[in-house]
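Tertiary structure, described
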Amino acid sequence: MSECFSLAFGIGTQNTAGEWLEVYYPQPLLNPEPAMVKVVAEVLGYSGGNQAIDLTASQCSALADALKKADFAEAGALVSQLEGSSRPLVATVLETDAAPVSTPEAYLKLHLLSHRLVKPHGVVLAGIFPLLPNVAWTNQGAIDINELPQRQLAARMAGQMLNVLSIDKFPSMTDYVVPTGVRIANTARVRLGAYVGEGTTVMHEGFINFNAGTAGTSMVEGRISAGVFVGKGSDLGGGCSTMGTLSGGGNIVISIGEGCLIGANAGIGIPLGDRCTIEAGLYITAGIKVALLDDADNLVEIVKARDLASQPDLLFRRNSQTGSIECKTNKSSIQLNEMLHAHN
(Lines give C-alpha, C1' and ligand atoms only; values in the text may rest on other atoms or scores of the structure.)
Protein backbone atom coordinates (compact mmCIF):
# COMPACT_ATOMS: atom_id res chain seq x y z
CA MET A 1 0.00 0.00 0.00
CA SER A 2 1.15 3.54 -0.73
CA GLU A 3 1.06 6.41 1.76
CA CYS A 4 -2.18 6.85 3.71
CA PHE A 5 -3.50 10.01 5.37
CA SER A 6 -5.09 8.47 8.47
CA LEU A 7 -6.08 5.16 10.02
CA ALA A 8 -8.07 4.46 13.19
CA PHE A 9 -9.90 1.67 14.96
CA GLY A 10 -13.01 2.74 16.83
CA ILE A 11 -16.05 1.85 18.87
CA GLY A 12 -19.30 3.74 18.61
CA THR A 13 -23.06 3.94 18.79
CA GLN A 14 -25.68 3.13 16.17
CA ASN A 15 -29.43 3.65 16.27
CA THR A 16 -31.89 0.77 15.87
CA ALA A 17 -31.67 1.19 12.07
CA GLY A 18 -27.91 0.56 12.15
CA GLU A 19 -26.98 4.18 11.41
CA TRP A 20 -23.91 5.61 13.11
CA LEU A 21 -24.52 8.26 15.77
CA GLU A 22 -20.93 8.69 16.98
CA VAL A 23 -17.53 6.97 17.02
CA TYR A 24 -14.73 6.99 19.60
CA TYR A 25 -11.17 6.44 18.31
CA PRO A 26 -8.74 5.90 21.22
CA GLN A 27 -5.56 6.05 19.12
CA PRO A 28 -6.07 7.70 15.70
CA LEU A 29 -3.02 7.65 13.47
CA LEU A 30 -1.85 10.34 11.08
CA ASN A 31 0.22 9.05 8.12
CA PRO A 32 0.35 5.44 9.38
CA GLU A 33 3.09 3.18 8.13
CA PRO A 34 2.25 1.64 4.73
CA ALA A 35 2.99 -1.81 6.18
CA MET A 36 0.22 -1.36 8.75
CA VAL A 37 -2.25 -0.28 6.08
CA LYS A 38 -1.22 -3.33 4.07
CA VAL A 39 -2.12 -5.60 7.01
CA VAL A 40 -5.55 -3.95 7.27
CA ALA A 41 -6.07 -4.38 3.54
CA GLU A 42 -5.18 -8.07 3.61
CA VAL A 43 -7.38 -8.92 6.61
CA LEU A 44 -10.37 -6.69 5.92
CA GLY A 45 -10.33 -6.61 2.13
CA TYR A 46 -9.64 -2.89 1.96
CA SER A 47 -8.76 -1.96 -1.62
CA GLY A 48 -8.02 1.75 -1.37
CA GLY A 49 -9.82 5.04 -1.08
CA ASN A 50 -11.55 6.47 1.97
CA GLN A 51 -13.64 3.86 3.71
CA ALA A 52 -15.25 3.03 7.07
CA ILE A 53 -15.35 -0.75 7.53
CA ASP A 54 -17.74 -2.24 10.09
CA LEU A 55 -15.92 -4.92 12.11
CA THR A 56 -17.06 -8.24 13.53
CA ALA A 57 -15.44 -9.92 16.53
CA SER A 58 -13.81 -12.52 14.27
CA GLN A 59 -12.36 -9.82 12.04
CA CYS A 60 -10.99 -8.06 15.13
CA SER A 61 -9.35 -11.26 16.29
CA ALA A 62 -7.74 -11.91 12.89
CA LEU A 63 -6.66 -8.27 12.54
CA ALA A 64 -5.16 -8.17 16.05
CA ASP A 65 -3.11 -11.31 15.37
CA ALA A 66 -1.92 -9.99 12.02
CA LEU A 67 -0.91 -6.61 13.47
CA LYS A 68 1.04 -8.21 16.29
CA LYS A 69 2.74 -10.59 13.87
CA ALA A 70 3.79 -7.60 11.76
CA ASP A 71 5.33 -5.92 14.84
CA PHE A 72 2.54 -3.38 15.35
CA ALA A 73 2.04 -4.42 18.95
CA GLU A 74 0.27 -1.28 20.20
CA ALA A 75 -2.31 -1.31 17.41
CA GLY A 76 -2.75 -5.05 17.81
CA ALA A 77 -3.38 -4.68 21.55
CA LEU A 78 -6.02 -2.02 20.92
CA VAL A 79 -7.85 -4.17 18.40
CA SER A 80 -7.70 -7.10 20.85
CA GLN A 81 -9.43 -4.94 23.44
CA LEU A 82 -12.13 -3.93 20.98
CA GLU A 83 -12.75 -7.58 20.11
CA GLY A 84 -14.60 -8.15 23.38
CA SER A 85 -17.00 -5.23 22.91
CA SER A 86 -20.75 -5.59 22.52
CA ARG A 87 -20.87 -2.16 20.82
CA PRO A 88 -20.42 -1.55 17.06
CA LEU A 89 -16.81 -1.48 15.89
CA VAL A 90 -15.24 0.19 12.86
CA ALA A 91 -11.92 0.52 11.07
CA THR A 92 -11.68 3.82 9.20
CA VAL A 93 -9.06 4.32 6.52
CA LEU A 94 -8.53 7.70 4.87
CA GLU A 95 -6.21 7.28 1.93
CA THR A 96 -6.44 11.01 1.22
CA ASP A 97 -7.57 14.12 3.06
CA ALA A 98 -10.77 14.46 1.06
CA ALA A 99 -14.14 15.72 2.27
CA PRO A 100 -15.68 13.10 4.59
CA VAL A 101 -18.63 11.10 3.27
CA SER A 102 -19.66 9.12 6.37
CA THR A 103 -20.16 9.68 10.09
CA PRO A 104 -17.11 7.55 11.06
CA GLU A 105 -14.94 9.58 8.66
CA ALA A 106 -16.24 12.85 10.08
CA TYR A 107 -15.55 11.72 13.65
CA LEU A 108 -12.03 10.62 12.74
CA LYS A 109 -11.21 14.09 11.45
CA LEU A 110 -12.56 15.70 14.61
CA HIS A 111 -10.41 13.32 16.66
CA LEU A 112 -7.31 14.26 14.65
CA LEU A 113 -7.85 17.90 15.62
CA SER A 114 -8.44 17.27 19.31
CA HIS A 115 -5.49 14.87 19.51
CA ARG A 116 -3.37 17.76 18.12
CA LEU A 117 -2.34 15.68 15.14
CA VAL A 118 -3.54 18.41 12.76
CA LYS A 119 -4.19 22.10 13.41
CA PRO A 120 -7.34 24.07 12.59
CA HIS A 121 -7.68 24.50 8.81
CA GLY A 122 -5.20 21.62 8.46
CA VAL A 123 -7.81 19.03 7.48
CA VAL A 124 -10.69 19.06 4.98
CA LEU A 125 -14.05 19.31 6.78
CA ALA A 126 -16.25 20.37 3.86
CA GLY A 127 -19.74 18.86 4.07
CA ILE A 128 -19.31 17.65 7.64
CA PHE A 129 -22.63 18.93 9.06
CA PRO A 130 -24.99 16.49 7.27
CA LEU A 131 -22.76 13.63 8.44
CA LEU A 132 -23.14 14.51 12.11
CA PRO A 133 -26.63 13.50 13.29
CA ASN A 134 -28.32 15.63 15.90
CA VAL A 135 -27.98 13.43 18.97
CA ALA A 136 -29.27 13.36 22.54
CA TRP A 137 -26.10 13.23 24.65
CA THR A 138 -27.05 11.54 27.91
CA ASN A 139 -25.57 9.86 30.99
CA GLN A 140 -26.19 6.61 29.07
CA GLY A 141 -24.36 7.78 25.97
CA ALA A 142 -25.58 8.96 22.55
CA ILE A 143 -29.25 8.32 21.74
CA ASP A 144 -31.11 8.90 18.49
CA ILE A 145 -33.53 11.80 18.97
CA ASN A 146 -36.44 9.74 17.62
CA GLU A 147 -35.66 6.91 20.03
CA LEU A 148 -35.26 9.14 23.08
CA PRO A 149 -38.87 8.99 24.42
CA GLN A 150 -38.82 5.20 24.53
CA ARG A 151 -35.41 5.19 26.22
CA GLN A 152 -36.64 7.70 28.80
CA LEU A 153 -39.68 5.54 29.55
CA ALA A 154 -37.55 2.41 29.82
CA ALA A 155 -35.22 4.14 32.27
CA ARG A 156 -38.11 5.30 34.45
CA MET A 157 -39.62 1.82 34.47
CA ALA A 158 -36.30 0.46 35.69
CA GLY A 159 -36.22 3.06 38.45
CA GLN A 160 -33.50 5.08 36.77
CA MET A 161 -33.15 8.65 35.51
CA LEU A 162 -32.02 9.31 31.94
CA ASN A 163 -30.23 12.65 32.11
CA VAL A 164 -30.17 14.51 28.77
CA LEU A 165 -27.07 16.72 28.87
CA SER A 166 -27.47 18.32 25.45
CA ILE A 167 -29.07 17.99 22.02
CA ASP A 168 -26.34 18.70 19.49
CA LYS A 169 -24.33 17.49 16.52
CA PHE A 170 -21.07 17.80 18.44
CA PRO A 171 -20.23 16.09 21.74
CA SER A 172 -17.99 17.43 24.47
CA MET A 173 -14.32 17.01 23.53
CA THR A 174 -13.34 15.55 26.90
CA ASP A 175 -15.73 12.62 26.46
CA TYR A 176 -13.38 11.54 23.65
CA VAL A 177 -10.04 13.31 24.06
CA VAL A 178 -8.35 14.91 27.09
CA PRO A 179 -5.23 16.70 25.82
CA THR A 180 -2.22 16.93 28.12
CA GLY A 181 -1.42 20.08 30.05
CA VAL A 182 -4.79 21.87 29.93
CA ARG A 183 -7.41 23.06 32.41
CA ILE A 184 -11.05 23.23 31.34
CA ALA A 185 -13.43 24.50 34.00
CA ASN A 186 -16.63 23.60 32.10
CA THR A 187 -16.01 20.72 29.71
CA ALA A 188 -19.41 21.10 28.02
CA ARG A 189 -18.11 24.34 26.45
CA VAL A 190 -15.31 22.71 24.44
CA ARG A 191 -16.54 20.71 21.44
CA LEU A 192 -14.91 17.66 19.90
CA GLY A 193 -12.75 18.96 17.07
CA ALA A 194 -11.27 21.75 19.20
CA TYR A 195 -7.47 22.05 19.24
CA VAL A 196 -6.49 23.00 22.80
CA GLY A 197 -2.78 23.77 23.02
CA GLU A 198 -0.69 22.64 25.97
CA GLY A 199 -0.73 25.18 28.80
CA THR A 200 -4.17 26.55 27.92
CA THR A 201 -6.67 27.40 30.64
CA VAL A 202 -10.36 27.56 29.65
CA MET A 203 -12.40 29.24 32.38
CA HIS A 204 -16.06 28.52 33.14
CA GLU A 205 -17.50 30.86 30.48
CA GLY A 206 -14.80 30.14 27.90
CA PHE A 207 -15.89 28.34 24.73
CA ILE A 208 -13.94 26.62 21.94
CA ASN A 209 -15.72 25.40 18.82
CA PHE A 210 -14.55 22.67 16.42
CA ASN A 211 -11.75 23.46 13.94
CA ALA A 212 -10.60 26.20 16.32
CA GLY A 213 -8.45 26.61 19.38
CA THR A 214 -5.14 27.68 20.85
CA ALA A 215 -1.59 27.03 19.69
CA GLY A 216 -0.18 26.92 23.22
CA THR A 217 -0.37 28.66 26.59
CA SER A 218 -3.42 30.95 26.58
CA MET A 219 -6.17 32.18 28.88
CA VAL A 220 -9.65 31.67 27.43
CA GLU A 221 -12.52 33.42 29.22
CA GLY A 222 -14.32 34.33 25.99
CA ARG A 223 -15.50 32.64 22.81
CA ILE A 224 -13.27 31.05 20.16
CA SER A 225 -15.60 30.50 17.21
CA ALA A 226 -15.25 27.87 14.48
CA GLY A 227 -12.19 28.46 12.31
CA VAL A 228 -10.40 30.80 14.74
CA PHE A 229 -6.87 29.90 15.90
CA VAL A 230 -5.24 31.78 18.79
CA GLY A 231 -1.48 32.22 19.10
CA LYS A 232 0.58 31.42 22.19
CA GLY A 233 0.49 33.76 25.14
CA SER A 234 -2.80 35.44 24.25
CA ASP A 235 -5.62 36.30 26.66
CA LEU A 236 -9.31 36.33 25.72
CA GLY A 237 -11.13 38.32 28.39
CA GLY A 238 -14.48 37.44 29.92
CA GLY A 239 -17.39 37.60 27.48
CA CYS A 240 -15.25 38.52 24.48
CA SER A 241 -16.03 37.12 21.04
CA THR A 242 -14.26 36.14 17.84
CA MET A 243 -16.19 36.19 14.57
CA GLY A 244 -16.05 32.70 13.08
CA THR A 245 -16.30 31.75 9.43
CA LEU A 246 -19.68 30.12 10.13
CA SER A 247 -21.45 33.20 11.48
CA GLY A 248 -20.76 36.44 9.72
CA GLY A 249 -17.08 36.18 8.94
CA GLY A 250 -17.67 35.14 5.34
CA ASN A 251 -14.52 33.77 3.78
CA ILE A 252 -12.21 35.79 6.05
CA VAL A 253 -10.18 33.45 8.25
CA ILE A 254 -10.00 35.08 11.67
CA SER A 255 -6.89 34.44 13.74
CA ILE A 256 -5.22 35.98 16.77
CA GLY A 257 -1.46 36.35 16.95
CA GLU A 258 0.83 35.72 19.89
CA GLY A 259 0.74 37.86 23.02
CA CYS A 260 -2.61 39.51 22.24
CA LEU A 261 -5.30 40.74 24.63
CA ILE A 262 -8.99 40.84 23.73
CA GLY A 263 -10.61 42.83 26.55
CA ALA A 264 -13.73 41.75 28.39
CA ASN A 265 -16.86 41.91 26.20
CA ALA A 266 -14.75 42.99 23.20
CA GLY A 267 -14.64 41.23 19.84
CA ILE A 268 -12.85 40.96 16.52
CA GLY A 269 -13.92 40.45 12.93
CA ILE A 270 -10.43 40.78 11.45
CA PRO A 271 -7.25 38.72 11.92
CA LEU A 272 -4.88 40.19 14.50
CA GLY A 273 -1.10 40.16 14.31
CA ASP A 274 1.17 39.58 17.30
CA ARG A 275 0.99 41.74 20.46
CA CYS A 276 -2.30 43.46 19.66
CA THR A 277 -4.79 44.74 22.24
CA ILE A 278 -8.53 45.39 21.89
CA GLU A 279 -10.02 47.63 24.58
CA ALA A 280 -12.76 46.12 26.75
CA GLY A 281 -16.20 46.42 25.19
CA LEU A 282 -14.92 47.33 21.71
CA TYR A 283 -15.94 45.17 18.74
CA ILE A 284 -13.74 45.60 15.65
CA THR A 285 -15.46 44.53 12.41
CA ALA A 286 -13.81 44.57 9.00
CA GLY A 287 -15.67 47.59 7.61
CA ILE A 288 -15.57 49.84 10.65
CA LYS A 289 -13.72 53.19 10.29
CA VAL A 290 -10.61 53.55 12.44
CA ALA A 291 -8.61 56.72 13.14
CA LEU A 292 -4.88 56.03 12.98
CA LEU A 293 -2.91 58.06 15.53
CA ASP A 294 0.80 58.74 15.87
CA ASP A 295 2.67 58.48 19.18
CA ALA A 296 1.54 62.00 20.08
CA ASP A 297 -2.12 61.05 19.49
CA ASN A 298 -2.30 63.15 16.32
CA LEU A 299 -4.58 61.92 13.51
CA VAL A 300 -2.66 60.40 10.60
CA GLU A 301 -5.51 59.04 8.47
CA ILE A 302 -8.87 57.24 8.55
CA VAL A 303 -8.88 53.63 7.33
CA LYS A 304 -11.15 50.59 7.44
CA ALA A 305 -10.24 48.00 10.05
CA ARG A 306 -9.66 45.38 7.34
CA ASP A 307 -6.66 47.46 6.17
CA LEU A 308 -5.03 46.74 9.53
CA ALA A 309 -5.65 42.99 9.44
CA SER A 310 -2.75 40.81 10.65
CA GLN A 311 -0.52 43.78 11.46
CA PRO A 312 1.40 43.48 14.76
CA ASP A 313 1.70 45.82 17.75
CA LEU A 314 -1.64 47.62 17.51
CA LEU A 315 -3.83 49.05 20.25
CA PHE A 316 -7.52 49.55 19.40
CA ARG A 317 -9.52 51.83 21.71
CA ARG A 318 -12.63 54.00 21.71
CA ASN A 319 -12.28 57.71 22.38
CA SER A 320 -14.37 58.28 25.51
CA GLN A 321 -15.27 61.84 24.45
CA THR A 322 -15.99 61.52 20.75
CA GLY A 323 -16.87 57.81 20.50
CA SER A 324 -14.54 57.36 17.53
CA ILE A 325 -12.47 54.19 17.24
CA GLU A 326 -8.74 54.83 17.35
CA CYS A 327 -5.63 52.75 16.70
CA LYS A 328 -2.06 53.45 17.68
CA THR A 329 1.14 51.54 18.36
CA ASN A 330 0.79 49.09 21.26
CA LYS A 331 3.55 50.05 23.69
CA SER A 332 3.08 47.14 26.10
CA SER A 333 2.21 43.53 25.32
CA ILE A 334 0.50 41.35 27.89
CA GLN A 335 2.28 38.86 30.12
CA LEU A 336 0.30 35.81 31.23
CA ASN A 337 0.70 34.55 34.79
CA GLU A 338 3.39 31.88 34.30
CA MET A 339 2.61 30.11 37.58
CA LEU A 340 -1.08 29.87 36.66
CA HIS A 341 -0.40 28.05 33.40
CA ALA A 342 2.77 26.11 34.25
CA HIS A 343 0.93 23.58 36.41
CA ASN A 344 -1.72 22.44 33.95
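What you see is a predicted model, and the numbers here were worked out from it, not measured in a lab.

Glancing now at the side chain of H111. Summarising the element assignment, H111 is placed in helix 4 (residues 103-114). Excluding anything up to four places from it in sequence, H111 contacts V23, Y24, Y25, P28, Y176, V177 and L192.

This part is about the pattern of salt bridges. A complete count under the given rule lists 6 salt bridges for this structure. Here R317 and D297 are joined by a salt bridge, their closest N and O atoms 3.5 Å apart. Remark: D297 occurs in the loop between strand 24 (289-293) and strand 25 (299-304) and R317 occurs in strand 26 (residues 314-318); sequence separation between them is 20 residues. Connected through salt bridges with shared partners, the residues D297, R317, E326 and K328 form a single ionic network.

By the definition in use, this model includes 6 aromatic pairs. When the centroid spacing of 6.0 Å and the interplanar angle of 75° are considered together, the rings of F129 and F170 count as edge-to-face. Remark: F170 occurs in the loop between strand 8 (164-168) and strand 9 (183-184) and F129 occurs in the loop between helix 4 and strand 6 (135-138); sequence separation between them is 41 residues. Ring centres 5.8 Å apart and planes at 85° place the aromatic pair F129 and F210 in the edge-to-face group. One end of the pair, F129, is in the loop between helix 4 and strand 6; the other, F210, is in the loop between strand 12 (207-208) and strand 13 (212-214), and 81 residues separate them in sequence. According to the relative accessible area criterion, F210 is buried, its value standing at 5%. Within the aromatic cluster, the residues linked to one another by ring pairs are Y24, Y107 and Y176.

Here we come to the UniProt feature "binding site: Mg(2+)" (unreviewed entry) in the chain. When the UniProt feature table is mapped onto this chain, "binding site: Mg(2+)" (unreviewed entry) is found at E205. With residues near it in sequence (within four places) discarded, E205 still touches R189, E221 and G222.

Time to look at the UniProt feature "binding site: succinyl-CoA" (unreviewed entry) in the chain. The UniProt entry lists R223, G238, S241, A264, E279, A280, G287, K304, R317, R318, N319 and S320 under the feature "binding site: succinyl-CoA" (unreviewed entry), expressed in the numbering used here. Considering the C-alpha atoms alone, the annotated residues occupy 98 residues of sequence and remain spread out, their largest mutual distance being 26.3 Å. For R223, the position within the fold is in strand 15 (residues 223-224). Not counting residues up to four positions away in its chain, the partners in contact with R223 are F207, N209, L236, C240, S241 and T242. Reaching out from R223, the side chain makes a polar contact with the side chain of S225 at a distance of 3.2 Å. Inspection of the secondary structure puts R318 in strand 26. Residue classification places R318 among the partly exposed residues on the basis of a relative accessible area of 37%. Setting aside chain neighbours within four positions, we find R318 in contact with E279, L282, G323, S324 and I325.

Once that is clear, we can look at the side chain of T214. Assignment of secondary structure puts T214 in strand 13. Of the polar contacts made by the side chain of T214, one reaches the side chain of T200; its length is 2.7 Å. Among residues more than four places away in sequence, those in contact with T214 are Y195, V196, G197, T200, V220, I224, F229 and V230.

The N-to-C vectors of helix 2 (residues 57-69) and helix 3 (residues 73-83) enclose an angle of 160°; their axes lie 8 Å apart at closest approach. On the basis of their axis angle, the class for helix 2 and helix 3 is roughly antiparallel. In the crossing of helix 2 with helix 3, the sense of the turn from one axis to the other is left-handed. Within the contact between the two elements, helix 2 uses A57, C60, S61, L63, A64, L67 and K68 and helix 3 uses A73, A75, G76, A77, V79, S80 and E83. Split into classes, the residues belonging to the contact of helix 2 with helix 3 amount to 9 nonpolar, 3 polar and 2 charged.

Below, the discussion takes up the nonpolar core. For soluble globular proteins, nonpolar side chains are generally found buried alongside one another. I262, L272, I278 and F316 are the most contacted members of the largest nonpolar core, which totals 66 residues. Counting residues per element, the ones that place at least two in this core are strand 2 (20-24), strand 5 (89-94), helix 4, strand 6, strand 10 (194-196), strand 24, strand 26 and strand 27 (325-329). Other than its neighbours up to four places away in sequence, F316 contacts I270, L272, T277, I278, E279, L282, I284, V290, L308, E326 and C327. Of all hydrophobic cores here, the second largest spans 24 residues; its members include C4, M36, L63 and L67.

What follows is about the pairing of strand 27. A regular strand places its side chains so that they alternate between the two faces of the sheet. Across the 5 residues of strand 27, 4 count as buried, placing the element largely inside the fold. Where strand 24 lies against strand 27, 2 bridges are found, and the strand directions are parallel. In the strand pairing of strand 27, L292 is matched with C327. As paired elements, strand 26 and strand 27 share 5 bridges and run antiparallel to each other. Counted as the bridge partner of F316 is C327 from strand 27. Where strand 26 folds back on strand 27, the antiparallel hairpin that results is connected by 6 residues, among which G323 adopts a positive phi of roughly 85°.

Procedures and definitions
Residues numbered from 1 in each chain as written. Predicted model: local features only at pLDDT ≥ 70, side-chain atom pairs only at ≥ 80, totals over all residues. Heavy atoms only, no water. Helix = DSSP H or I, 4+ residues; strand = E, 2+ residues; numbered from the N terminus. Contact = heavy atoms within 4.5 Å. Salt bridge = Lys/Arg side-chain N within 4 Å of Asp/Glu carboxyl O. Phe/Tyr/Trp six-rings, centres within 6.5 Å; stacked < 30°, edge-to-face > 60°. Buried < 20%, exposed > 50% of the residue type's maximum accessible area, 1.4 Å probe, protein only. UniProt positions renumbered as here; feature names shortened; annotations may be inferred. Polar contact = N/O pair within 3.5 Å; in protein donor to acceptor, adjacent residues only side chain to side chain. Axes fitted to C-alpha atoms, helices over the stretch in contact; angles between N-to-C directions. Parallel < 35°, antiparallel > 145°, perpendicular 65-115°, else oblique. Left-handed = near helix turned anticlockwise from the far one by under 90°. Nonpolar A, V, L, I, M, F, W, Y, C, P; charged D, E, K, R; others polar. Core = buried A, V, L, I, M, F, W, Y, C linked by side-chain atoms within 4.5 Å. Pairing = 2+ DSSP bridges.

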